[in-house]
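# Report on the structure
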Amino acid sequence: MEIEISTPALLFPAVSLLLLAYTNRFLAVAQLVRMLHRQSQERENCEEFKQIQSLKYRLELTKWMQFFGVLSILLCTLSMFELFLGLFGIGKQIFGLSLIAMCVSLFISLWEVMISTRALNMELSDMHNRCKIIEDK
């Protein structure tokens, strides 16, 4: 079965939106890191220490999400070039690699969301416990 040059092109809008979402997530984590850094400089103690490892891990995951997303779009472009040259076998294989790279990126993204959710739930639990103590007084 021959693959048309337009088939890999279908991935471009999805990858572009996904990379934009990844960038927004990176910026949100970066903003949080900067805020925690300012807070830790203003205080003598470092209450935010618990969050540091989680944020470092989330930044690392975001880097790899973006890496595999960009790799996917690069492979997709290379696939289209191979199809343009009439090298359908190579073009299909490269497109398959592009899809695999996108799947890896999405799995890493899912993992990062799970870590973020766990961190937010810990914050909410802490807030709930503090409010309950205040209410009980």
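Residues numbered from 1 in each chain as written. Predicted model: local features only at pLDDT ≥ 70, side-chain atom pairs only at ≥ 80, totals over all residues. Heavy atoms only, no water.

Per an unreviewed UniProt entry, the protein chain goes by II family cellulose-binding protein and derives from Sulfurospirillum diekertiae.

With that settled, consider the side chain of Ser 98. Take Ser 98: it is sitting in helix H4 (residues 88–136). Other than its neighbours up to four places away in sequence, Ser 98 contacts Leu 11, Ser 72, Leu 75 and Cys 76. (Helix = DSSP H or I, 4+ residues; strand = E, 2+ residues; numbered from the N terminus. Contact = heavy atoms within 4.5 Å.)

With that settled, consider the pattern of salt bridges. Tallied over the entire structure, the rule returns three salt bridges. Between Arg 58 and Glu 112 there is a salt bridge, and its shortest N-O distance comes to 2.8 Å. Here Arg 58, found in helix H3 (residues 49–84), pairs with Glu 112, found in helix H4; they are 54 residues apart in sequence, far enough to count as distant. Judged by its relative accessible area of 14%, Arg 58 falls in the buried class. Of the residues examined, Glu 112 reaches a relative accessible area of 1% and is grouped as buried. Here Glu 60 ties to Lys 63 by a salt bridge, and the two come within 2.9 Å at their closest N and O atoms. Within this pair, Glu 60 and its partner Lys 63 are both found in helix H3, separated by three residues, close to a single helical turn. (Salt bridge = Lys/Arg side-chain N within 4 Å of Asp/Glu carboxyl O. Buried < 20%, exposed > 50% of the residue type's maximum accessible area, 1.4 Å probe, protein only.)

On to the UniProt feature "transmembrane region" (unreviewed entry) in the protein chain. As annotated by UniProt and renumbered to match this structure, "transmembrane region" (unreviewed entry) occupies residues 12–33, 64–88 and 94–115. Strand forms 0% of residues 64–88 and helix 88%; the C-alpha atoms that close the span are 30 Å apart. For residues 94–115, the helix share is 100%, the strand share is 0%, and the end-to-end C-alpha distance is 32 Å. (UniProt positions renumbered as here; feature names shortened; annotations may be inferred.)

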